[in-house]
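# Results of the structural survey
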Amino acid sequence: LKRELQLNGTSLAGLKERTLTTTADKTLTVSDSGKTIFLDGSTTHDVTLPAAATGLTFTFFLVDATADVDIVQAAAAEDFVGNITAHNGKDTASASDTKIIFDQSGGAAVGDWVQVTCYNDDDWYVVGLSNTAAAVVFG
């Protein structure tokens, strides 16, 4: 599959998607929005989202499932909305959830992923897929 973007008649073919790999605690910024974040779970760490603002989007892929990696909201007043689906069930967000856990003991596997997008300056809408229902969960 080849994608090519045209801007004012000029081809932008060959552009790469922006990425970031985490191996330790990391706080994302607004300028990280749109990036694919590769979570290197060789060590336990947290990735903290910036304050919710409409249009911010982050996609997370687990690339090492040795230890837990958590995606954490910047403020308790923010909410996750949506669910993470697995072949044997799903986990649905509740108002009390403040993080998404890539849980090594729950069966998190390389390739598990979630995407979070802020819609209304308050809520992070979540969609994702995991190896098993306990692998990537809200907490």
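The structure this text deals with has already been given above.
Report on the accompanying structure. Nothing here was measured: the structure is a model prediction, and the numbers come from that model.

Right, let's get into the overall build of the chain. Per the secondary structure count, the chain includes zero helices and 14 strands. What you see in the chain, going N to C, is helices and strands ordered as β-β-β-β-β-β-β-β-β-β-β-β-β-β. Counting all 139 residues of the chain, 39% fall into the buried class. For the chain, the computed accessible surface area is about 7200 Å², with 53% contributed by carbon and sulfur atoms.

Before going further, it helps to spend a moment on the sheet that holds strand β5 (residues 36-40). Reading across from one edge, β3-β5-β7-β12-β13-β9-β10 is the order of the seven strands in this open sheet, with mixed pairing throughout. One side of each edge strand has no neighbouring strand; the edge strands of this open sheet are β3 (19-22) and β10 (89-92). Pairwise comparison of adjacent strand axes, ignoring direction, gives a mean angle of 15 degrees for this sheet. Strand direction decides the pairing type here: strand β9 (residues 79-86) and strand β13 (residues 123-130), joined by eight bridges, are parallel. Across the sheet, Ile84 pairs through a bridge with Gly128, a residue of β13.

Time to look at the environment of Ile101. Its location among the elements puts Ile101 in strand β11 (residues 99-102). Between the C-alpha atoms of Ile101 and Gly139, which are 38 residues apart in sequence, the distance is 6.7 Å.

The next point concerns the side chain of Ser33. By the secondary structure assignment, Ser33 is in the loop between β4 (26-27) and β5. For Ser33, a relative accessible area of 16% translates into the label buried.

Glancing now at the nonpolar core. Counting 27 residues, the largest nonpolar core has Phe60, Ile100 and Phe102 as its most contacted members. Where this core is concerned, the elements lending two or more residues are β5, β7 (57-64), β8 (69-72), β9, β11, β12 (113-118), β13 and β14 (136-138).

Here is what the cut-offs are and how they apply
- Residues numbered from 1 in each chain as written.
- Predicted model: local features only at pLDDT ≥ 70, side-chain atom pairs only at ≥ 80, totals over all residues.
- Heavy atoms only, no water.
- Helix = DSSP H or I, 4+ residues; strand = E, 2+ residues; numbered from the N terminus.
- Buried < 20%, exposed > 50% of the residue type's maximum accessible area, 1.4 Å probe, protein only.
- Areas by Shrake-Rupley, 256 points an atom, 1.4 Å probe, with all protein chains shown as cover.
- Pairing = 2+ DSSP bridges.
- Axes fitted to C-alpha atoms, helices over the stretch in contact; angles between N-to-C directions.
- Core = buried A, V, L, I, M, F, W, Y, C linked by side-chain atoms within 4.5 Å.

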